[in-house]
Amino acid sequence: MPALEATQISAFTAAAAHALCFAGLAVAHSLAGRGALVFDPALALRLLVVCEAPVVIAAYSYLRRDARSCSFFKAAARGLIGLPIGAFLNAFGAIVLGAPVGIKYWMVTIYWSLLMSLFTFVPAACVFGASKIDWQNVLSHSIYFTPTDVENYMVSAPCHGAVLGAWIGAWPMPLDWERPWQEWPICVTYGAVAGHLVGMAVSWVLIAVHKRRVRAKSD
């Protein structure tokens, strides 16, 4: 039963998965060097994608909901397939909302879109596959107000945090401050990463509260 499998994910397991994802970002930042996102955004974003992709796919494939009917490798394949799909959707959304289009920006837009896909689309693809109901639940804000499964919190909060962070990070772009970090997609990336990290912390808090409620009911 999926519900029984979901309750077996402990708060420690969730924290460990998020810690691994954070470590991937930290390694990429260390390899790129301080300020690389401003002075060489293509390099910094490429390292973020390369370091984060295997960690995200492996961690969330391990936490797949349908573990009895879906192997780890099948879940990982779902994540690999979901990566370019999510990147296309994120790129399309960014361009519609005003991201610059041109040869100068196409490479950084691709890398940024892949990173956003790792934050938003890939975890859900690994965990839920093509389950329409699960995707609707994760995308809905209602999961923050009603009890739900642990993996829903793990996928939803970091996803929402990344999207909200990217949106907030885009605010300084049109302002006439003439700062190098206002270029696309530097401040948007900073916002997305910060929002994603905040979402991880929020998801762990929600999971801890959920576990406490489950224990209280069982007692």
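What counts and how
- Residues numbered from 1 in each chain as written.
- Predicted model: local features only at pLDDT ≥ 70, side-chain atom pairs only at ≥ 80, totals over all residues.
- Heavy atoms only, no water.
- UniProt positions renumbered as here; feature names shortened; annotations may be inferred.
- Salt bridge = Lys/Arg side-chain N within 4 Å of Asp/Glu carboxyl O.
- Helix = DSSP H or I, 4+ residues; strand = E, 2+ residues; numbered from the N terminus.
- Buried < 20%, exposed > 50% of the residue type's maximum accessible area, 1.4 Å probe, protein only.

- The chain goes by Glycosylphosphatidylinositol anchor biosynthesis protein 11 in an unreviewed UniProt entry, where it is assigned to Urochloa decumbens.
- You can read under Pathway (unreviewed entry) in the UniProt record for the chain the words "Glycolipid biosynthesis; glycosylphosphatidylinositol-anchor biosynthesis."
- You can read under Subcellular location (unreviewed entry) in the UniProt record for the chain the words "Endoplasmic reticulum membrane".

Comments concerning the pattern of salt bridges
- All chains considered together, the criterion is met by three salt bridges.
- Of the charged contacts, one joins Arg65 and Glu151 as a salt bridge, the two residues approaching to 2.6 Å between their closest N and O atoms. On the criterion of sequence distance, the pair formed by Arg65 in the loop between helix H4 (41–62) and helix H5 (72–96) and Glu151 in helix H9 (residues 150–169) is long-range, its members being 86 residues apart.
- Judged by its relative accessible area of 2%, Glu151 falls in the buried class.
- For Arg78, the salt bridge is made with Asp66, and the minimal N-O distance between the two is 3.3 Å. Residue Arg78 is located in helix H5, and its partner Asp66 is located in the loop between H4 and H5; the two are separated by 12 residues in the primary sequence.
- Its relative accessible area of 17% is what places Arg78 among the buried residues.
- One network of salt bridges, with partners in common, ties together Arg65, Asp134 and Glu151.

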